[in-house]
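Summary of structural features
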Protein chains: 2
Amino acid sequence: MRTTQDLQACVDVALRRRPADLLIRGARLFDLATGELAHANLALAGDRIAAVGEGYEGRETLDARGLTAVPGFVDAHCHIESSLLTPYEWERLVLPHGVTAAVCDPHELANVAGRAAIDYFRACAAGMLLRLQVQIPSCVPALPSEEAGARLPAEAIAPYARDAALAEFMNVPGVLGGDPDALAKLAAFSGRPIDGHAPLASGDALNALCAVGIANDHETCSVPEALEKLRRGMTLLIRAGSVAKNLEALAPLLTLTLCDRLCLCTDDRDPLDVRDEGHLDAAIRAAIAQGCDPLAVYRAACLTPARAFGWRGRGLLAPGHAADVVLLEDLAECRVAHVVCRGRVVGEAAFAARPPAPDDAPFRGSVRCRPLTPADFASRRAGGRAIAIAEGTLLTRDVPAEGDGLALAALVERHGGSGRVGLAWAKGFGLKAGALASTVGHDSHNLCVVGTTPEDMAAAAEAVRAAGGGFAVAAGGVCRACLPLPIGGLMSDRPAAEVADALAALRRAAREASGTPLANPFLALAFLPLPVIPEARLTLEGFTHV
Amino acid sequence: MRTTQDLQACVDVALRRRPADLLIRGARLFDLATGELAHANLALAGDRIAAVGEGYEGRETLDARGLTAVPGFVDAHCHIESSLLTPYEWERLVLPHGVTAAVCDPHELANVAGRAAIDYFRACAAGMLLRLQVQIPSCVPALPSEEAGARLPAEAIAPYARDAALAEFMNVPGVLGGDPDALAKLAAFSGRPIDGHAPLASGDALNALCAVGIANDHETCSVPEALEKLRRGMTLLIRAGSVAKNLEALAPLLTLTLCDRLCLCTDDRDPLDVRDEGHLDAAIRAAIAQGCDPLAVYRAACLTPARAFGWRGRGLLAPGHAADVVLLEDLAECRVAHVVCRGRVVGEAAFAARPPAPDDAPFRGSVRCRPLTPADFASRRAGGRAIAIAEGTLLTRDVPAEGDGLALAALVERHGGSGRVGLAWAKGFGLKAGALASTVGHDSHNLCVVGTTPEDMAAAAEAVRAAGGGFAVAAGGVCRACLPLPIGGLMSDRPAAEVADALAALRRAAREASGTPLANPFLALAFLPLPVIPEARLTLEGFTHV
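So, here is what we can say about the structure in this document. (Residues numbered from 1 in each chain as written. Chains lettered and ligands numbered in written order. Predicted model: local features only at pLDDT ≥ 70, side-chain atom pairs only at ≥ 80, totals over all residues. Heavy atoms only, no water.)

**What about unusual backbone geometry?**
The residue after His442 of chain A, namely Asp443 of chain A, is reached through a cis peptide bond having omega -10 degrees. Going from Pro534 of chain B to Glu535 of chain B, the amide bond is cis rather than trans, its omega being 0 degrees. With respect to the element layout, Glu535 of chain B can be found in the loop between α17 (521-527) and β27 (536-539). With a phi angle near 60 degrees, His445 of chain A is a residue other than glycine that sits in the positive phi range. (Helix = DSSP H or I, 4+ residues; strand = E, 2+ residues; numbered from the N terminus.)

So, in structure tokens, the structure goes:
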């Protein structure tokens, strides 16, 4: 809601009766409505663009000569927890990359802490600079069979339908089988956007998912899969994450004809990738380098998500739109020089002016399992099949547990204190020695471990348990490195830069101690238990074919 | 809101566990998401498409072999009152032309009857087959200086902001001058779409209008005007009305690059034009005949308005979308063979199944003025300037009152009983004799008359007064024909076909009695007092330069 004072201020700036709060002067504007490039000034009033044109005075001025202005980017689907940062710290990391709005699903913390997690994220969003749209986790736990830290049935989340939308609906069997709780959730949120999660969905099942109102999908990996979903009316969120990287395969679809059905998203992106490669800026750069029309790419990054999620006044450099502007040194390279968000130049002063961060105390002390010993990791219970992982995708294969490269994987229940342990063989980690442990373990976030000896597995698991959650590397029976994640066992309480450095150090330690060639072995480990992606998974029952 | 039963029915049809309620078999589908044309069946469940594909069973089947299916058309801005029909009768007229949704502004009846008019239209919408979105009239009266039958200040309409959007905001001087009531209305509806009305707006004024949230415009007449508005973020509603016809001029913009910012609308379209030429089907046909890409045209007709107004599940032939389907004999010609709306084949049975029409009694007896005599129409008070009209546009010119073709125009206050009469010269009606009178007189709907003698003007005016509103032709001092419009002086209580015939007879009588060459002299007369369109108008003060 805007006030008459806001409106009057915009009129006064537009009619040059008073100076703009901030004047962005001299930039070339990329008009995503018409595709034109033309020089004009942007006169901002509060958190809105009040006027676009020649001249104008400003109380403050940002000299943007030589730069190209585009609207702020929208991450159409992400889990902030995957950055290992709190929302307040996460925006420090991504805003300088031009991300001024994001649709987040606090699914990870909700699996640990239930509704308190949703309320925490909403409280964070209220104080943040960027527009954070907090969707309501639809599948906690991801499947009814899962043991997570919380259960959110329809009656627990329906009250949020008043002003929020439903996050990725992963319970595909629930829809197809007519599960009452699944349908009750979909009905409760039927007037709002319902995000999807439907890897490889096709044919009759895809029709059914679309028919119940699931509007988009971010799990699509190939052009044929994408075309079938587009034909059934879905908006596709092309993913450029740390584990799942679908942009290269789907870039051929990013045309002017299709770009109003396509968005960009990161889903899960770790802080080192953001720091070293970028965020949506990197995805934009990669798509244009692949030959996509820049107008189609920037529309997908800025305009289409605003329309798909029903946000008014966002996605164009036009009066009445959000004063969220990215100033680029180069349009095709998407090299960000400055970011303006909510009318303010992004920098330390803008971050410091936020209200205090919401309290994270309720999410500490979340690792509740008994001490673990080598006896918990006895490989004789692991069975004859293995989960084969592959870099760049969340999909896994069900393969025989034979040949080189087998490691033992374990999942330890850590919410209810039952101490149950599931064991399975895993392939693709490339471990030569040692073990890795993590309390990030999608989506129930039980404690997961992969290793070469029971002693190292126990040492790594004990290290993260003692830290109240986190990542650890063990070798020679002792912990070699640990990154504590005390908030829900998922997020650090440290600043973004510090967490990025610690993660880099941890990965180095993992490579040295275990010999893994994976760039990001902890994310690969964290997705090993994910029960909603085909075709082989680690559960508390051990190896499971999905 | 959908129920779990609705959702379950869709799933069951999609998974072929039960037959579709209606199966549309054998059509070629035009996929507005991808632009592809391919054969598939459409399996409907209730008012939704449940599945698209091969096979399926149906409790009923519509054989659509040889036909092409497109989604139902959306009239993005219309005043149903201009059809002279009640909403229930209006949909009988337009649904067979493929219009399955419309955004209407009950501005005309609201100028006569205030909030009761809004509530009447909303009650009609609840029972109609097509989706009628009733916007809330923002400017009753159109300008503060007007004498209409009602006043709707901000506090009167703000309660509707809970679930409705704001209709065309015409009070441009109010925005630019910071009128508190104008800004209060805009603030109250700031979370919702705000429709615009900004003929020739440009430069700083256009920035100001966009900055306060006005999102679209249907008054644009030329490509340069359109481009400036597109650059400022507006969605343009290209108008194919009975008086204002902007499609030919704006068709060059209907490209794949721009079509997601363009819709089609009729604004004001009379029942004879609908019967004889068509509705949006005629506009689609004309645009394609002018060389526009059919994909761009059908997107503008079906998909863009759904996205612009934030409607989910509308605009594509896809599961989960509204079961609103138009079956065409020819895609380029847009020749409609069948229409399915809300899952039902449009025809007498579907209309008859509607709930009873809401009561129109509160709007009868609305012409409240004293008997009129020739002395009320004395030309000596008409001044030295004339209002020059031109067919095909609402714009008028301020010209000297000299030369051939002058007629006297009069506006009689008819709501409060003051009996005030404003007089002005008019050019362009081409009257050789007689007079025309109308209680439709935008936007305050006072009684307007144009004629060649005071006696004929009085006779025509008395005829419509006695009828409780309507159109009349007089010549030789007597009424020659009258079409009564007893509902608010704006709408007939008769069926669509009967009103169309009566209007044709009336126009014939007008041509014969007065010699006017205009195809539609009563609409031209009705727009003579419209105070929000430049540059010369008839008001209760007489000639007025706008």
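**Looking at the interface of chain B and chain A**
If you look at the interface, chain B gives 64 residues, while chain A gives 64 residues. Summed over both sides, the interface of chain B with chain A buries roughly 5200 Å², with 53% coming from carbon and sulfur. Remark: the boundary between chain B and chain A carries six salt bridges. Between Arg307 of chain B and Asp260 of chain A there is a salt bridge; the shortest N-O distance is 3.6 Å. The tally of links from chain B across to chain A stands at 24 residue pairs in polar contact (both at pLDDT 80 or more). Contributions of two or more residues to the side of chain B that touches chain A are made by α1 (4-14), β5 (48-53), α6 (172-176), α7 (180-188), α8 (203-211), α9 (223-231) and α13 (294-308) of chain B. Looking at side-chain class alone, the side of chain B that touches chain A contains 36 nonpolar, 14 polar and 14 charged residues. (Contact = heavy atoms within 4.5 Å. Buried area = accessible area lost by both parts, 1.4 Å probe. Salt bridge = Lys/Arg side-chain N within 4 Å of Asp/Glu carboxyl O. Polar contact = N/O pair within 3.5 Å; in protein donor to acceptor, adjacent residues only side chain to side chain. Nonpolar A, V, L, I, M, F, W, Y, C, P; charged D, E, K, R; others polar.)

**Observations regarding the relation of the copies chain B and chain A**
Mapping chain B onto chain A is achieved by rotating through 180 degrees and translating by 0.0 Å along the same axis, at an RMSD of 0.0 Å. This pairing of chains is accounted for by a two-fold axis. Nearest to the rotation axis, the C-alpha of Gly310 of chain B is located 2.8 Å from it, this being the minimum over chain B. Both copies present the same face, since 100% of the interface residues in chain B are matched by interface residues at the equivalent positions in chain A. (Least-squares fit on C-alpha atoms with pLDDT ≥ 70 in both.)

**Digging into the packing of aromatic side chains**
All names here are of chain A. The full count for this structure, using the stated rule, is twelve aromatic pairs over all chains. Connected via pairs of aromatic rings, a cluster forms that spans Phe30, Phe73 and Tyr298. Above the ring of Tyr56, the side-chain terminus of Arg16 is found at 3.9 Å from the ring centroid. (Phe/Tyr/Trp six-rings, centres within 6.5 Å; stacked < 30°, edge-to-face > 60°. Lys NZ or Arg CZ within 6 Å of the ring centre and 35° of its normal.)

**Concerning the pairing of β27 of chain B**
All names here are of chain B. On β27, burial covers both faces: Ala536 and Leu538 on one face and Arg537 and Thr539 on the other are all buried. Direction of pairing for β27 relative to strand β28 (residues 542-545): antiparallel, over a ladder of four bridges. Its bridge partner lying in β28, Ala536 is registered against His545. In this antiparallel pair of consecutive strands, β27 and β28, the connection spans two residues. (Buried < 20%, exposed > 50% of the residue type's maximum accessible area, 1.4 Å probe, protein only. Pairing = 2+ DSSP bridges.)

**Considerations on the pattern of salt bridges**
Tallying each qualifying case throughout the model produces 66 salt bridges over all chains. Asp47 of chain B is the partner of Arg48 of chain B in a salt bridge, and the nearest nitrogen-oxygen pair spans 3.9 Å. The partly exposed category is assigned to Arg48 of chain B, whose relative accessible area is 22%. Note on Asp47 of chain B: relative accessible area 37%, which makes it partly exposed. Each member of the salt-bridge network shares a partner with another, and the members are Arg18, Asp21 and Arg59 of chain A.

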